[in-house]
Amino acid sequence: MRRQVEPRIAGWGGISVPGRELRSEDLADVARHATLTRGLGRSYGDSALPPPGVTSIAGSSRADRILAFDGSSGRLRAEAGVALGDLARTMLSRRWFPPVVPGTQFVTLGGMVAADVHGKNHHVAGTIGRHVTALRLLTAAGETVDCSRDAHPDLFRATLGGMGLTGHLLEVELAMTRIPSPWILQETERVRDLAAFLALLAGSARDWPFTVGWLDALAAGGELGRGILFRGRWATPEEAPAAAPRPLARRAVPFDFPGWALNDLTVRLFNAVYARSVPRRVARRIVHPEKFFWPLDAIRHWNRIYGSRGFTQFQCVLPERERSGATRRFLEAAARRGGSSFLCVLKDCGEEGEGLLSFPRPGVSVALDLPMRADTPALVEELAEVVIAEGGRIYLAKDALVRADQFRRMEPRLADFERARDRWDPGRRLRSAQSVRLFGDPA
Amino acid sequence: MNTVILGATRGIGRELARALAARGDRLFLLGRDEADLAASARDLEARAGAEPGSIGTARCDLLEPEGFAPALDAAARALGKLEAVVVTAGLFATQEALEADRALARRVLEADFSGTVLFCEEARERLLAAGGGRLCVFSSVAGERGRKPVVLYGAAKAGLSRYLEGLDHRFRAKGLITVCVLPGFVRTTMTDGLPEPPFAADPDIVARIALRALDRGTPKVYAPGIWRWIMLVIRLLPRFVLRRVGF
């Protein structure tokens, strides 16, 4: 009567390995002997997968208690397994919101710190790391260490964006942001082409704290970069409706779609329809914050539309200001090779974060979903070369396919990061499938 | 409702406590580890927007019956009046582990049966003295029939279920509303590593069902409800079948 299916641990894109996740309310207990701790599994690639030969990792999601919250300063301390969506919903009614949120609410605080996530407000607020004031980790040596900008700053800087490799995150302390109302005022504008897009992003940055663009990655030639720009800010109390935002109903994709469902034709059709769904003129409306920050979360398991073969996401940041035209050259290279993608997201990025491997830097971030096909690894390697040539880098939380030598060429900070690991984990007890692939960790 | 919870620091208890705190119930937490209790109390206060320190805690261990009365008295002092007592705490171990370790078997039997019953007796007296109230205790479908994988654990839970049924018959007219929750297989730290049967549930679902039963005063509820039918079938299976199957 009991089906014994071999348990597997998977990345959001579908890549999986055999293994079990050990979860407990006592995170230190399960993490003590573990090679890695995992949050809610929203990294697309292999950064939250155990290295080859390791069959269990620790899971933080049951260690989800808020330990302290100061209602006047906004200082919050919580166990690393607190889910962002829960935290946001808990605090929204009290007019507080997390200072930086990524594109999904289904991440843990620990995961957010490990990836040093950025959001639609990166151009003003930076990454989550900027707002973190203290961290508590369980190191490879089994010690519980509190670190901050004053205490063990090397460990602190290595942990922001350190993909969980510097120690198991147990507790996170950060500063929440005061908000004037629990609603978002959103503006959408149809954009003609890439030049218009980049100009609009730069212009909107001055007046809008939240900006992001979706663009049609398959439109060719003159229409390259046709899409929709979203910008927003928290509504003032006068603009906001009197009622509080209600919990959103969520649909689920119940099963993997067949492989042929997402192909060049269907995606072009979708993109064409979506581009026209937004009115030509600038449209402004009040929007539920969950719809604004996490539109894809409305459909649970949306990753199943990519079928059983799954997908990967390629996200890079290109130093557009220093190398004008970098974004266009990258998009042209991607369009040339085909590879249907619903989602191509553009974000103007601001200052680089303190985290040694923190992803964003001034320029433009481009994120592309790529269905996993036979030629996808080759495509990813080719795109990585374009990124290297333009002086950009990739986002580890999305990556599954870039080559180790390519990563080294785009990441001069890696040496500092490895030095920090030499100090805190000389035996490399903590590793992931990704760190074995990219950093040369022992398998 | 003024509610005392034994077991709010983890698993189903944590979810149920959050649901109670979210709707404004005044809570008092009992458990084995004081630091853990304090962390859970701060979490519930933060989530409900309640004043820090408004949720009191006291040490209470199902294996230490002499501590039951002082713990419940502390709760009554803090809350003013006890209106509901919830017990989600308990110990679990596999049948193999229990057969191999007599001391473990003794602890599980004492915590899950005699300890829980004696705690409920203290709770019963205080609730009746206060004019009535609710006693919500988590048993398990494992007690519904003697079965190979849960001989000892199931026996303890069977005894507990029978006791709660007796309480319902004897004291409901006097104002003591007994609610016996029978979860099926729930994905918590307690069941980690066990092969998952069909109809396994997450703790938040079970907590929601328990909350509804607590409010309605339902004497016996399966969580999720489908387990009522599953256990009905299992109870009807002939002995020679149960001797042969693995479950």
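Residues numbered from 1 in each chain as written. Chains lettered and ligands numbered in written order. Predicted model: local features only at pLDDT ≥ 70, side-chain atom pairs only at ≥ 80, totals over all residues. Heavy atoms only, no water.

Draft legend 1. Structural view of the overall build of chain B. What chain B contains, in helices and strands, is nine helices and seven strands. A globule of 247 residues ought to have a C-alpha radius of gyration of about 18 Å, and chain B, at 18 Å, matches this closely. If one aligns the C-alpha atoms of chain B with their principal axes, the spans along those axes are about 55 × 40 × 35 Å. A buried classification covers 51% of the 247 residues belonging to chain B. Here the analysis covers contacts within chain B between residues at least 6 apart in sequence; of these, 70% occur between residues at least 24 apart. Accessible surface, chain B: about 11,000 Å² in total, of which carbon and sulfur atoms supply 54%. For chain B, the centre of its 35 positive side-chain charges and the centre of its 29 negative side-chain charges are spaced 8 Å apart. (Helix = DSSP H or I, 4+ residues; strand = E, 2+ residues; numbered from the N terminus. Rg over C-alpha atoms; globule rule 2.2 N^0.38 Å. Buried < 20%, exposed > 50% of the residue type's maximum accessible area, 1.4 Å probe, protein only. Contact = heavy atoms within 4.5 Å. Areas by Shrake-Rupley, 256 points an atom, 1.4 Å probe, with all protein chains shown as cover. Lys, Arg positive; Asp, Glu negative; His and termini not counted. Charge placed at Lys NZ, Arg CZ, Asp CG, Glu CD.)

Draft legend 2. Main features of the sheet that holds strand β5 (residues 133-138) of chain B. Residue and element names in this part refer to chain B. Pairing is parallel in the open sheet, where seven strands are placed in the order β3-β2-β1-β4-β5-β6-β7. Two strands lie at the open edges of the sheet, namely β3 (56-59) and β7 (220-223), each paired on one side alone. The sheet shows a mean angle of 20 degrees between the axes of neighbouring strands, direction not considered. Sheet topology note: the β5/strand β6 (residues 176-183) ladder contains six bridges and is parallel. Residue G133 lies in a different strand from β6, and its bridge partner there is L176. (Pairing = 2+ DSSP bridges. Axes fitted to C-alpha atoms, helices over the stretch in contact; angles between N-to-C directions.)

Draft legend 3. Summary view of a negative patch on the surface. Residues D26 and D29 of chain A together with D33 and E34 of chain B make up a contiguous surface patch of negative charge. You can see E34 of chain B is positioned in helix α2 (residues 34-48). (Patch = residues over 30% accessible without salt bridge, like charges linked within 9 Å, V, L, I, M, F, W, Y side chains within 5 Å. Salt bridge = Lys/Arg side-chain N within 4 Å of Asp/Glu carboxyl O.)

Draft legend 4. Region of interest: the confidence of the model for chain B. Looking at chain B, pLDDT values average 96 and 100% of them are 70 or higher. Both scores are given for the predicted complex: the pTM is 0.93, the ipTM 0.93. (pLDDT = per-residue confidence, 0-100.)

Draft legend 5. Region of the structure containing the side chain of S181 of chain A. Mapping S181 of chain A onto the fold places it in the loop between β12 (177-178) and β13 (184-191). Excluding its chain neighbours within four sequence positions, the residues that come into contact with S181 of chain A are R95, W234, A235, T236, P237 and A240 of chain A.

Draft legend 6. Geometry of the interface of chain A and chain B. With 18 residues of chain A at the contact, the number on the chain B side is 23 residues. Regarding the contact of chain A and chain B, the summed buried area is about 1,900 Å², with carbon and sulfur atoms giving 45% of it. At the junction of chain A and chain B, the tally comes to five salt bridges. At the junction of chain A with chain B, the criterion picks out 13 residue pairs in polar contact (both at pLDDT 80 or more). Sorting the residues of the side of chain A that touches chain B by element identifies β3 (20-23), β6 (66-69) and α2 (84-92) of chain A as the ones contributing at least two each. (Buried area = accessible area lost by both parts, 1.4 Å probe. Polar contact = N/O pair within 3.5 Å; in protein donor to acceptor, adjacent residues only side chain to side chain.)

Draft legend 7. Geometry of the pattern of salt bridges. Residue and element names in this part refer to chain A. Scanning all chains against the criterion turns up 59 salt bridges over all chains. Residues E381 and R403 are paired through a salt bridge, measuring 2.7 Å at the closest nitrogen-oxygen approach. Residue E381 is located in helix α10 (residues 376-389), and its partner R403 is located in the loop between β22 (393-394) and α11 (404-410); the two are separated by 22 residues in the primary sequence. With its nearest N and O atoms 2.9 Å apart, the salt bridge here joins E418 to R428. Residue E418 is found in helix α12 (residues 414-424), and its partner R428 is found in the loop between α12 and α13 (433-439); the two are separated by 10 residues along the sequence.

Draft legend 8. Up close: helix α6 (residues 151-171) of chain B. Residue and element names in this part refer to chain B. Between its first and last C-alpha, α6 extends 30 Å over 21 residues, near the 30 Å set by a 1.5 Å rise per residue. All of the buried residues in α6 are Y153, G154, A156, K157, L160, S161, Y163, L164, L167, D168 and F171. Looking at the buried side of α6, the elements it contacts are α4 (95-100), α5 (102-129), β5 and β6. (Expected span 1.5 Å × (residues − 1).)

Draft legend 9. The side chain of R65 of chain A, seen in detail. Along the chain, R65 of chain A turns up in the loop between β5 (56-59) and β6. Here R65 of chain A falls in the buried class, since its relative accessible area comes to 5%. Within the structure, the side chain of R65 of chain A is placed 2.8 Å from the side chain of D36 of chain B, a separation counted as a polar contact. Of note is the side chain of R65 of chain A, whose polar atom sits 2.7 Å from the side chain of S40 of chain B. Every residue in contact with R65 of chain A, bar those within four places of it in the chain, is listed here: A78, E79 and V82 of chain A together with T9, R14, R18, D36, A39, S40 and D43 of chain B.

Draft legend 10. Just the packing of aromatic side chains, in detail. All names here are of chain A. A full pass over the atoms with the stated rule returns 16 aromatic pairs over all chains. Aromatic pair F97 and F293: ring centres 5.2 Å apart, planes at 25 degrees, arrangement stacked. Residue F97 is located in strand β8 (residues 96-97), and its partner F293 is located in helix α8 (residues 289-293); the two are separated by 196 residues in the primary sequence. The exposure class of F97 is buried, given its relative accessible area of 5%. Its relative accessible area of 3% is what places F293 among the buried residues. Counting every residue linked through ring pairs, the aromatic cluster contains F97, F210, W234, F292, F293 and W294. Above the ring of F292, the side-chain terminus of K120 is found at 5.4 Å from the ring centroid. (Phe/Tyr/Trp six-rings, centres within 6.5 Å; stacked < 30°, edge-to-face > 60°. Lys NZ or Arg CZ within 6 Å of the ring centre and 35° of its normal.)

Draft legend 11. Here's a closer look at a nonpolar patch on the surface. Residue and element names in this part refer to chain B. The grouping of F199, I226, W229, L232 and L236 at the surface amounts to a nonpolar patch, some 520 Å² of accessible area in total. With respect to the secondary-structure elements, W229 resides in helix α8 (residues 226-236). For W229, a relative accessible area of 48% corresponds to the partly exposed category.

Draft legend 12. Representation of unusual backbone geometry in the model. A cis geometry characterises the amide bond from A223 of chain B onward to P224 of chain B, with omega recorded as -5 degrees. Looking at the element boundaries, P224 of chain B is found in the loop between β7 and α8. The backbone phi angle of H152 of chain A is positive, close to 50 degrees, even though this residue is not glycine. Looking at where H152 of chain A falls in the secondary structure, it is placed in the loop between β10 (144-147) and α5 (153-159). On the accessibility criterion, H152 of chain A (33% relative accessible area) is partly exposed.

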